[in-house]
Each structure stands twice: as structure tokens, then as C-alpha cells.
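A look at the structure
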Amino acid sequence: MELRKNLFCYLMVAPALLITLALGIVPMVTSLWWSFLDYDLIQAETAGETFVGWRNYQVVLSDQRFVTSLVNTVVMTVMVMALVVALGLLLAHVMNAKYRGRAIVRTLICAPWFVPPVVAAAIWVWMLDTDRSPINALLMDWGLIDGNLRFLTDTTDAGPLSLPLASVVAVRVWNGLPFVVIFLLAGMQSISRSLYEAASIDGASLIGRFRYITLPLLKPVLGVIVMLLLITGFGHFEINFIMTGGGPQDMTNVAAVYAYQQAFNFFRFDYASAASGVVFLMTSVICIFYIRAQIRKDK
Amino acid sequence: MSTISVRNVTKKYGAVTAIPDLSLEVTKGEFIVLVGPSGCGKSTLLRMLAGLESITEGEVAIDGEVVNNMMPRQRNIAMVFQSYALYPHMTVAGNMGFSLKLDGADKAEVAERVNEVAKILALDSLLDRKPAQLSGGQRQRVAMGRSIVRDPSVFLFDEPLSNLDAKLRVQMRAEIKSLHNRLGTTIVYVTHDQIEAMTMADRIVVMNAGTIEQVGAPLDLYDQPANRFVAEFLGSPSMNLIDGTISDSGTVVLGSGLELPLGASLRAGAEVTLGIRPEYISLSDTGGMKVRCMVSVIEPTGPATILVVEMGDEKVTIEVTGRVAHRVGDFIDIWMAKEHCHLFDTSSGIRLDQ
């Protein structure tokens with residue numbers, strides 16, 4: 001009986017496992033293997049693919065463009081994570097509160113979720129176009145700026161920060177926010193109302209209740225969200241790629257876009273795989289923390 | 001210690017009126033119990049005192065000061081919730097000291113006060129535990145400790161014992177009462193359990209459908225219920241209530257045709273309900289009104305036996321001390337103590353003076 005029950009469970013998860021294996025594990029292992037080969041697509045026919053050890057890693061890590069893209073990856077991921085969590089907490093409160101027209105506000109907050117990242121990126125490229133941007137028109141009308149802001153092409157920078165980087169971060173926040181808000185809202189709704197009542201009787205103000213009740217009780221949810229945002233953020237590709245292609249002057253280039261360029265612009269699958277390998281290592285570290293936290297929770 | 005005045009308070013939820021018009025005075029240091037069936041408005045009233053519900057109309061004053069627009073924390077009250085509402089992420093000490101911490105008291109002061117109260121409630125060995133590691137009774141005590149630490153002027157209890165098992169409930173009942181004797185703080189206590197109300201209260205407020213049916217000392221309410229609702233609500237097993245009419249000769253004629261020499265001063269033809277508590281019916285001749293009945297149920301509880309007998313079409317409950325030799329189906333004589341019979345107007349339920 002026990003055996004049959006287990007067999008049934010394995011049968012149920014088998015399709016998901018097979019798909020993960022075919023679309024996730026196999027490409028990942030292949031890519032990791034390629035990162036140790038000399039794999040130049042143009043010369044592969046004649047020269048073949050020879051094992052070169054860590055050489056590809058040495059090459060990409062000494063490429064200034066890759067280092068810049070790594071810095072950008074970390075900066076953008078941390079900025080997106082911080083902004084999404086902060087705004088997510090605020091908007092989750094807005095969604096949780098009871099007032100007239102709440103359904104409309106909830107729909108508006110969730111709306112970006114219905115737009116696929118690729119489409120969102122394309123829409124925002126138009127919205128942030130220097131000459132046609134409605135945002136520029138609005139800022140101009142209010143007298144806040146004299147000339148059009150070059151959201152995606154301004155090359156003035158301050159360290160790793162720049163207007164194009166901020167613009168791409170903003171779009172990534174816009175697109176990623178609903179998921180986090182829903183997550184946090186679910187977490188907040190699981191907190192008993194009587195705890196807030198007890199806290200108000202104990203003398204906690206609105207901010208006190210947030211600090212001493214909401215925040216600590218959301219900690220497990222927040223932990224999961226932060227780790228998920230870091231994992232997905234380090235490997236993020238589509239919004240950066242579509243909005244700026246990594247430009248201007250690599251200001252918004254991230255590791256995933258760098259890897260794409262190596263593979264499909266320069267046909268260096270070996271360097272692309274090594275760059276991906278570095279991202280894989282970064283996400284693995286976060287994954288270890290994530291899995292450890294999950295195991296600890298189960299205990 | 002504080003006084004509480006509830007003056008013509010109304011509570012409406014949209015078109016629904018939960019409390020139509022309620023007034024109540026609570027004196028200094030009094031232990032007052034609001035009791036009534038579910039949905040009678042007792043918790044709503046308590047939550048209005050706490051400041052957790054707004055007051056639609058009327059005034060609530062604590063120590064003469066109207067608190068309608070004050071936040072809960074400005075009212076100097078403490079509340080124990082039915083669910084205890086302990087902060088799950090804080091230790092027992094953290095839970096108990098939370099209000100002092102918010103008040104800006106320094107750590108040593110908080111610790112001292114928490115220890116002091118923990119000793120009173122025998123919680124001193126549990127201070128480092130989280131609520132999840134405590135039993136129901138311990139959580140209940142922490143919830144009380146949290147409210148005592150603040151030294152409030154009023155304690156509000158919202159059905160604090162309903163999540164405990166029967167044995168623990170009896171124990172906690174005694175603890176709360178001795179705590180009241182010790183601290184002397186005004187307590188407003190909500191329960192649906194009439195035994196809790198009877199055993200703990202200085203005064204009981206019996207509520208029904210948002211209104212007060214009767215206010216008074218427990219035994220006064222028990223002995224002289226103002227109406228049929230109070231008569232039926234207090235006491236377990238509850239009072240026997242039998243409908244009848246007043247005859248021309250001034251006796252009460254029950255539905256079964258049985259005639260009892262009661263209600264002489266009442267108008268002939270009036271429809272009345274006769275009430276008598278189970279313990280005032282005897283199986284031996286104690287000089288009351290004798291009636292012949294058939295035993296239909298016998299429930300021995302140990303110290304007492306509860307019998308249900310058929311008197312004509314009516315079922316009557318009797319409680320006698322000790323055990324009985326009768327069997328179901330036996331015909332027996334019972335004696336009803338005349339001085340313990342109550343008459344209520346059948347339609348309005350109001351008590352009638354005989």
C-alpha cells in the first residue's frame with residue numbers, strides 16, 4: 001500500500017521533473033561543459049572543440065566589459081530588490097486597507113503583471129524615447145526640465161549609476177512589483193487582526209504596529225522574496241536587452257546580455273558559457289542560503 | 001481603579017443596529033460581567049470601551065472623561081482577548097513588556113516590572129519561551145500578565161476562558177477572581193457562560209439583542225429574575241417554564257389542566273408562564289404543591305441527580321442531591337416550593353408580582 005502510494009506520488013511529479021531535466025538541467029550542464037572548451041562557432045567545423053580548463057573564465061574575467069556588466073548586474077539587482085520590496089510593502093498596505101474603490105486600485109496595482117516583460121520593455125522604450133516621451137512632455141509642462149531627458153541614451157554617469165540604468169531599473173521594478181505585492185499581501189492577510197488590536201491597546205501607533213507586528217511577522221515571506229529577487233535578478237535578461245541592448249557604452253549591460261552578445265554577436269559560445277558560469281555561481285550561493293533556510297523552516 | 005459610564009450608546013453597522021440604546025454605570029473597582037447569548041452585543045460593547053470599535057451615538061466616559069474620540073492607548077485600559085493575541089515572534093517577557101517598551105521605559109525598569117508580574121502569575125520560569133511553546137493555560141496567563149504589567153485603570157476581558165478545557169477553566173476562574181481581589185482594578189468581563197458570570201461577578205449585566213435585560217448581583221438575578229429571558233439564561237439546568245392561565249379563583253391552570261394555587265392577585269384569564277428552578281422541586285413532602293408525574297430521564301451527576309419528569313404534556317427538570325432509587329417509567333409525587341415559583345407575563349416575558 002505504502003509502495004503504491006509512493007509510486008503514485010512519483011508518477012505525479014514525473015512530468016514536471018522530466019520537463020525541468022530537459023529544459024533546465026541539460027542546457028545548464030551543457031553550458032557548464034562548454035565553458036571549459038575552446039568553442040568558437042566559426043572555427044568549430046575545422047578546429048573542433050578542445051578542452052581548455054579555466055582559460056575561458058580567465059578571458060572573460062579579464063575583459064573590462066564583463067567586469068562592468070557584473071557590477072551592473074549586482075547594482076541593478078540590489079536596486080530592483082530594494083525598491084520592489086519597499087514599494088511592495090507600501091502597496092500591499094494600500095491593497096489590504098478597506099476603502100471605496102479598492103477593487104479598482106487592486107486591479108491597477110496588478111496590471112503590470114498582465115504584460116509580459118518583453119512587451120513591457122517595448123512599451124517603455126517608446127514611453128522613454130527622448131523626443132516622443134510623454135514623461136518629457138509632462139515634466140516640460142510643469143517647468144521641471146528645460147530640455148528633453150535622454151532616458152535611454154544619456155551617457156553622463158556617476159560611478160556605476162546613470163540615467164539609462166535608472167530607467168531600466170524603473171521598468172524592471174514596474175514589471176516585477178505585482179508579484180511581490182501579491183506575495184506580501186498574502187503574508188499580511190495571514191497576520192491575525194487581533195494582534196494589531198492588542199498592539200494598539202498596548203500603545204503602538206500605526207508605524208509602531210508596522211515595525212513591531214507586520215515587519216517581524218512578514219520576515220519569513222520577505223526572506224523568500226529577497227532571495228527569489230536576487231536569484232532572478234542576477235540572471236535577468238529580457239528588459240535590459242530589449243530596452244538598451246546593454247548600451248549606451250555598456251552602462252546597462254548585465255552579465256546575461258554580455259553572454260548573449262558573446263554567443264550570438266561574436267559566436268564565442270565558450271566565453272558566453274563562462275560568463276553564464278559566473279552568473280550560475282552567484283545564483284548558486286543565494287540558492288544555498290535559500291535552500292538552507294527552507295530546510296531549517298521544515299525542521 | 002476607575003469608573004466607567006456608558007451613556008445612551010448606540011452602535012450601527014450600516015443599516016444594522018447592533019446596540020440600540022444602552023446605558024450602564026460601573027463603579028470603582030467593580031468586577032462586572034456582561035453575559036448573554038452569541039450576537040447579543042456584549043463583545044461589541046466591550047470593544048467600544050476599548051476603543052477598537054467606533055461609537056455611533058452616545059458617550060463612553062472613563063473616570064468622568066469622555067473617551068469616544070481617544071485612541072485605545074490613550075484610555076489606559078488593558079484587554080485580554082479570547083484568542084490571547086500574543087505576539088508570536090516575541091518571548092513571554094517580550095510580550096509582557098511590550099507596552100512598557102513602547103512607553104519608553106528603560107530596559108531595567110521593564111525587566112523589573114515583568115519579573116514582578118511573572119512571579120504573581122507563576123510565569124517566572126517561562127519568560128524566555130515563545131507563545132508557541134506554551135500550553136493553553138500558560139498562554140492565558142501570559143495574556144493576563146501582559147495586561148497587568150501596565151497597571152491599567154480598567155481591565156477588559158473578552159471571553160478569556162472559552163478556549164480552555166473545563167478543568168483549567170475552573171482553575172483560571174479562581175485565579176482571575178483572586179487577582180481582582182489583590183489588584184482591586186475595575187474589570188469588565190464578557191462571557192456567554194452563565195456559570196462564569198455567577199461565580200466571578202460583583203454585578204452581572206444580562207444582555208440580549210443589544211439591550212440590557214437586567215443588572216444586579218448574581219444571586220439577586222438568580223432569585224429575582226426581571227423577566228423570562230434572565231430566568232432562563234441564568235442557572236444550569238435552567239429554570240422550568242410552563243405556560244398557563246389564571247383561573248377565576250385566582251389559581252394558575254397549566255396546559256395539562258393541572259391547577260396550582262398561585263397568582264391570586266392577578267386578573268382572571270391572564271396568560272402567564274410559571275417558572276421554578278429544578279432545585280426547588282423535591283421528591284419528598286417539604287410542604288409545597290404536590291403533583292403526580294412520570295419519570296422519563298434520570299441523569300446522575302455524582303453529587304446530585306437530575307430527573308426529567310412528565311407532568312401532563314410538560315416536561316419538568318428536577319435536581320435533587322444524592323441519588324434516587326426511581327426508574328424511568330415510575331410514577332412519583334413531587335413537591336414544588338410555592339415561595340420559589342415565579343410568574344411571568346407570557347407575551348411580554350416580564351415578571352409579575354403575585
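Predicted, not measured: the structure shown is a model, and the values here were computed from it. (Residues numbered from 1 in each chain as written. Chains lettered and ligands numbered in written order. Predicted model: local features only at pLDDT ≥ 70, side-chain atom pairs only at ≥ 80, totals over all residues. Heavy atoms only, no water.)

Description of the overall build of chain B
If you tally the helices and strands in chain B, you get 8 helices and 21 strands. Principal axes of the C-alpha set define a box for chain B whose edges measure 75 × 45 × 35 Å. Here chain B holds 354 residues, and 51% of them are scored as buried. Contacts in chain B between residues at least 24 apart in sequence constitute 65% of all its contacts with a sequence separation of at least 6. Carbon together with sulfur atoms contributes 48% to the accessible area of chain B, which is approximately 15,600 Å² in total. Separation of charge centres in chain B, based on 34 positive and 43 negative side chains, amounts to 8 Å. (Helix = DSSP H or I, 4+ residues; strand = E, 2+ residues; numbered from the N terminus. Buried < 20%, exposed > 50% of the residue type's maximum accessible area, 1.4 Å probe, protein only. Contact = heavy atoms within 4.5 Å. Areas by Shrake-Rupley, 256 points an atom, 1.4 Å probe, with all protein chains shown as cover. Lys, Arg positive; Asp, Glu negative; His and termini not counted. Charge placed at Lys NZ, Arg CZ, Asp CG, Glu CD.)

Quick look at the interface of chain B and chain A
Between chain B and chain A, the residue contacts involve 22 residues of the former and 16 residues of the latter. Interface area, chain B with chain A, both sides summed: about 1,600 Å², of which 67% is carbon and sulfur. At the junction of chain B with chain A, the criterion picks out 1 salt bridge. In this structure, B:Arg47 engages A:Glu197 in a salt bridge whose closest nitrogen and oxygen atoms are separated by 2.5 Å. Of all the secondary-structure elements, those providing two or more residues to the side of chain B that touches chain A are α1 (42–50), β6 (77–80) and α2 (92–102) of chain B. (Buried area = accessible area lost by both parts, 1.4 Å probe. Salt bridge = Lys/Arg side-chain N within 4 Å of Asp/Glu carboxyl O.)

As for the UniProt feature "domain: ABC transmembrane type-1" (unreviewed entry) in chain A
In the numbering adopted here, UniProt assigns the feature "domain: ABC transmembrane type-1" (unreviewed entry) to residues 70–290 of chain A. In this annotation, residues 70–290 of chain A is assigned 72% helix and 2% strand; the end-to-end C-alpha distance for the span is 22 Å. (UniProt positions renumbered as here; feature names shortened; annotations may be inferred.)

Details of the UniProt feature "transmembrane region" (unreviewed entry) in chain A
All names here are of chain A. In the numbering used here, UniProt assigns the feature "transmembrane region" (unreviewed entry) to residues 7–34, 70–92, 104–127, 161–186, 217–237 and 271–291. Annotated as 100% helix and 0% strand, the span residues 7–34 places its first and last C-alpha atoms 36 Å apart. The annotated region residues 217–237 carries 86% helix and 0% strand content, and the separation between its end C-alpha atoms amounts to 33 Å.

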